[in-house]
Amino acid sequence: MLEFKEVSQQYQNRCLFSDFSLVIDEPRVLISGPNGSGKTTLLLMAAGLVQPDSGEVSFKKHSVLNPDSKKSIGISASKVNLPGFFTVQELLDFHSRQFNCSVSEKWLEQFSLQDYLNTKVADLSLGNYKKLSLMTATIHQPDLLLLDEPANGLDDKARVALNLLLSEYSGQVVIASHEALAADHHQVRHIQLQRNTSL
Amino acid sequence: MNYWQFRLCLYHESLKQWLDSIRQMSLAIVALFPLALFALVFFPFLAWGVMAESETNNDVWIHTMWGYLLFVYSWMVMQRDGILGVKHSLYINSLAVSRSKKDWCELGLILYGANLLILGPLVIFLLLSKYGAGQVINLPFGYVIEKLAPATGLLLLCTYYCISAVKVRRLPFLSLLLLPLFIGSWAQELTKIQCLVLWCVAILIERIIPMPSIGIGTWLKGSYRLFFQADMASPRAEGLRLVALLLMLIMLRAMFNGVPIEVKSNVASFLSFTSALLMASSLFNTQALCRQYQYYLTSLPISKFKLQIVSISYVMLKALPGLILIAYLDIFETQHWVLWGLFYMASLLGILYLPKWFFTFPVISAVLVFICT
């Protein structure tokens, strides 16, 4: 269960959230809203990458700011820059080592990334970068998967792979997107954010 | 605007960016050592006299030449992107300009960028040649050649390094690092012409044999690998740090040999201070890397504290080659090593806790040492 408790957050002198509280326990959640409504910031806070000005964010009753909780959270967002100086292979090795897990050959194949293993991350196209970002977010099979505009830049084949990943995924998935959640799942909660804060 | 003006415009644009950094660095240097900037500005003028003179002691000549050429090479490497217009290379290539015109423009920019550093040796060579031409009737030909060789060698090597810094990606690891480092001990037994021939052979060898690559295989793991690969991907900062350390060692070593024994200790203390500051400044790079990939690194199950410890120990490991170089040149005694450790730790603490004014930490510790002793 992901919980935001009385969270306040400003971004570039603009109040995004003020005493914002939300409990998310559905397995699939779609967050939508106009540009600048705070979708990405909400995901970054949920992943413990941005500390709110006040309030608390927890997952399974543990603060997401705790380094140990990172093992149960995965995030793919364009704001999370992947180290561009690594090759794809090196990044996957480094990342899997950090989480003490192995790279899934299946998803490597589904996302057609095998041909780019020796390519520098900085040299990847937008679509391939997105696929790699999805791979790093899911590599350790986190209980909470946070995806920011996951279909951005993906070709048709990769979109099919993404939908397959979402429908097979056993953990909780929270997506911030303008597009509807295509994955076939019986219980999708839709959260609509408004500019200046709230639901 | 013609093609030359366009390329000059691109060059000036790229200069603006790094001139700001140089200005900031110069302010820091002046704040720390008020006379250091004058020393740097006058270094080329002093060096020309030493290098063009055939009577100069070989050891001093080799080291001055090394320092000067290293300085010229680094200066040109820093301007490389601006001279070649790297940022706008696709647009430049799309223009209907002949290859030769492009090459002439780039040569013009190289001379423009090298400025006094290449014009000085050229003027000295022309003056000495004019003098040599007048003397060739009265004096033996071999004698005249011997007199002209240092100035000719300086001009040729200087021109070569200016062009190769911009046009050749391969680093002059043999001619600008290993050869001058090891030739010092037997420089007195060679003539200047032999030294120059040796230098040219080193250049030829390094053009044919590629620089030994520092492959890391798979043994380096975790966060150390992250920092190391980041350095390998953009080695400019570490390269400049190494060049600065080398220049410092070359200049101070030349001074070291010329001062009375009682002053030597002060020179070594000064070196311990400046080299510690320089080597510790590498922590700025790892800190910047952590900031650049802040979100990604935070998403990993590593605490900030652990990452900080790893980055500090990585910076310390990086200081080892510099320390080995100082030990090889045999400049420090025990107290200087202790001082180096003190200044190094103070600089690291400064960078961690007061990055904008980091040098106040080593300066305060230096003042305390001065008061106590």
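Residues numbered from 1 in each chain as written. Chains lettered and ligands numbered in written order. Predicted model: local features only at pLDDT ≥ 70, side-chain atom pairs only at ≥ 80, totals over all residues.

Colleague: Which residues make up the overall build of chain A, and what values do they have?
Modeller: Along the backbone of chain A there are five helices and nine strands. A compact globule built from 199 residues would reach a C-alpha radius of gyration of about 16 Å, and chain A, at 16 Å, matches this within 12%. Summarising its shape, the C-alpha atoms of chain A cover approximately 45 × 30 × 30 Å along the three principal directions. Counting over 199 residues, chain A shows a buried share of 39%. (Helix = DSSP H or I, 4+ residues; strand = E, 2+ residues; numbered from the N terminus. Rg over C-alpha atoms; globule rule 2.2 N^0.38 Å. Buried ≥ 20, exposed ≤ 12 C-beta atoms within 10 Å, placed from the backbone.)

Colleague: Break down the overall build of chain B for me, with residues and values.
Modeller: Across its full length, chain B holds 17 helices and zero strands. Computed over the C-alpha atoms, the radius of gyration of chain B is 23 Å, within 12% of the 21 Å expected from 2.2 N^0.38 for a compact globule of 373 residues. Taken along the three principal axes of its C-alpha coordinates, chain B extends 75 × 65 × 40 Å. Residues counted as buried form 30% of the 373 residues belonging to chain B. The contacts of chain B with a sequence gap of at least 6 include a subset with a gap of at least 24, amounting to 76%. (Contact = placed C-beta atoms within 7 Å.)

Colleague: So, the pairing of strand β7 (residues 144-148) of chain A: which residues are in play, and what are the values?
Modeller: All names here are of chain A. Counted residue by residue, β7 has five buried out of five residues, so it is predominantly covered. Here β7 shows two buried faces, one formed by Leu-144, Leu-146 and Asp-148 and the other by Leu-145 and Leu-147. Sheet topology note: the β7/strand β8 (residues 172-176) ladder contains five bridges and is parallel. Its bridge partner being in β8, Asp-148 is matched across the sheet by Ala-176. For the segment spanning β7, helix α5 (residues 156-168) and β8, crossover handedness is right-handed. (Pairing = 2+ DSSP bridges. Right-handed = clockwise from strand over helix to strand, strands pointing away.)

Colleague: So what's going on with the domain arrangement of chain B? Residues and values would help.
Modeller: Residues and elements named next belong to chain B. The domains assigned to chain B are domain 1 (1-210) and domain 2 (220-373). Using C-alpha coordinates to define each centre, domain 1 is positioned 28 Å away from domain 2. If you list the elements that add at least two residues to the side of domain 1 that touches domain 2, you get α1 (3-32) and α3 (58-84). Counted by class, the side of domain 1 that touches domain 2 contains six nonpolar, four polar and no charged residues. (Domains from an automatic or database assignment. Nonpolar A, V, L, I, M, F, W, Y, C, P; charged D, E, K, R; others polar.)

Colleague: Mind laying out the interface of chain B and chain A, listing which residues take part and the relevant values?
Modeller: Interface size, as often reported, equals the accessible area lost upon joining of the parts. On the chain A side, the residues contacting the 17 residues of chain B number 21 residues. Among the elements of the structure, α10 (222-233) and α14 (294-298) of chain B are those that each provide at least two residues to the side of chain B that touches chain A. Here the side of chain B that touches chain A takes six residues from α10 of chain B, the largest share from any one element. Of the residues contributing to the side of chain B that touches chain A, the split by class is nine nonpolar, six polar and two charged.

Colleague: I'd like a description of the confidence of the model for chain B, backed by residues and values.
Modeller: Overall, the prediction assigns chain B a mean pLDDT of 84, with 90% of residues at 70 or greater. On the interface metric, ipTM, the complex scores 0.83, and its pTM is 0.75. (pLDDT = per-residue confidence, 0-100.)

Colleague: Describe helix α13 (residues 282-292) of chain B, listing the residues and the values that go with them.
Modeller: All names here are of chain B. Three or more residues of α13 are buried, namely Ser-282, Leu-283 and Thr-286. All buried residues of α13 project into a common sector of 105° when viewed along the axis, lining one side. Across α13 from its buried face, at more than 90 degrees, point the exposed residues Ala-288 and Arg-291. (Arc of directions from axis to C-beta.)

Colleague: Describe in detail the packing of helix α12 (residues 261-280) of chain B against helix α16 (residues 334-353) of chain B, supporting the description with residues and values.
Modeller: All names here are of chain B. Here α12 crosses α16 at 35°, and the two axes come no closer than 8 Å. Remark: the crossing between α12 and α16 carries right-handed chirality. Between α12, through Ala-268, Ser-269, Ser-272, Phe-273, Ser-275, Ala-276, Leu-277, Met-279 and Ala-280, and α16, the contact on the second element is made entirely by His-336, Leu-339, Trp-340, Phe-343, Tyr-344, Ser-347, Leu-348 and Ile-351. Considering only residue class, the contact of α12 with α16 consists of twelve nonpolar, five polar and no charged. (Axes fitted to C-alpha atoms, helices over the stretch in contact; angles between N-to-C directions. Left-handed = near helix turned anticlockwise from the far one by under 90°.)

Colleague: Which residues make up the sheet that holds strand β9 (residues 188-192) of chain A, and what values go with them?
Modeller: Residue and element names in this part refer to chain A. Pairing in this open sheet of five strands is parallel, and the strands run β6-β7-β8-β3-β9 from one edge to the other. Edge positions in the open sheet fall to β6 (73-76) and β9, since each of these has one partner strand only. Averaged over neighbouring strand pairs, the angle between their axes works out to 15° when direction is ignored. Pairing analysis gives four bridges linking β6 to β7, with the strands arranged parallel. Bridged to Ser-76 within β7 is Leu-147. The sheet contacts of helix α1 (residues 39-46) involve β3 (28-32), β6, β7 and β8, and relative to β8 the element is tilted by about 150°. Relative to β6, helix α4 (residues 126-138) is tilted by about 175°, and along the sheet it contacts β6 and β7.

Colleague: Residue-level account of the environment of Ser-313 of chain B, with values.
Modeller: Checked against the element boundaries, Ser-313 of chain B lands in helix α15 (residues 304-329). Placed 89 residues apart in sequence, Ser-313 of chain B and Tyr-224 of chain B show a C-alpha to C-alpha distance of 9.0 Å.

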